[in-house]
Amino acid sequence: MTVPIVKCSVSNCSYWGEQNVCKADLIMIDIDAHARTHLKEEYAGETFDFEHHDYASTSSATCCHTFKPKA
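Residues numbered from 1 in each chain as written. Predicted model: local features only at pLDDT ≥ 70, side-chain atom pairs only at ≥ 80, totals over all residues. Heavy atoms only, no water.

Draft legend 1. Here's a closer look at the overall build of the protein chain. Each helix and strand in the protein chain was counted, giving 0 helices and 4 strands. Taken from the N to the C terminus, the helices and strands of the protein chain come in the order β-β-β-β. Relative to its 71 residues, the protein chain shows a buried fraction of 20%. Within the protein chain, contacts between residues at least 6 apart in sequence are counted, and of these 54% link residues at least 24 apart. Within the structure as shown, the protein chain displays about 5800 Å² of accessible surface, and the carbon and sulfur contribution to it stands at 53%. (Helix = DSSP H or I, 4+ residues; strand = E, 2+ residues; numbered from the N terminus. Buried < 20%, exposed > 50% of the residue type's maximum accessible area, 1.4 Å probe, protein only. Contact = heavy atoms within 4.5 Å. Areas by Shrake-Rupley, 256 points an atom, 1.4 Å probe, with all protein chains shown as cover.)

Draft legend 2. Expanded view of unusual backbone geometry. Here the phi dihedral of Gln19 falls at roughly 60°; this positive angle occurs in a residue that is not glycine. Inspection of the secondary structure assignment puts Gln19 in the loop between strand 1 (16–17) and strand 2 (21–22). One non-glycine residue, Asn20, lies in the positive phi region at around 60°. Mapped onto the secondary structure, Asn20 falls in the loop between strand 1 and strand 2.

Draft legend 3. Geometry of the side chain of Thr66. Position of Thr66 relative to the elements: it lies in the segment after strand 4 (62–64). Here Thr66 falls in the buried class, since its relative accessible area comes to 1%. Among the polar contacts made by the side chain of Thr66, one reaches the main-chain amide nitrogen of Met28 at a distance of 2.6 Å. (Polar contact = N/O pair within 3.5 Å; in protein donor to acceptor, adjacent residues only side chain to side chain.)

Draft legend 4. Up close: the environment of Ile5. As for its placement among the helices and strands, Ile5 is situated in the segment before strand 1. Residues Ile5 and Asn20 lie 15 residues apart in sequence; the distance between their C-alpha atoms is 10.0 Å.

Below you can see the structure in the form of C-alpha cells.
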C-alpha cells in the first residue's frame, strides 16, 4: 500500500514537517458541521472512537482534527 503525502500549512502543529508535510501516523478529517465537537484527544497514531460517514461537497467544508499545538 502506498502511503499518501499529506500537505499542511499549519506550522504550529506538532506534526508539521519541512515543506509543509504532515508527520502524523494517522489523519482524522471531519466536516465543518462537527468542527466544534470536543474530542478527548488527538488521533494521530490511534484508532477513531466512533464510526460515522459524512458527505462534503467541497474541501472547504472539511477540517482536520489531528492538529495538536506544538508545546
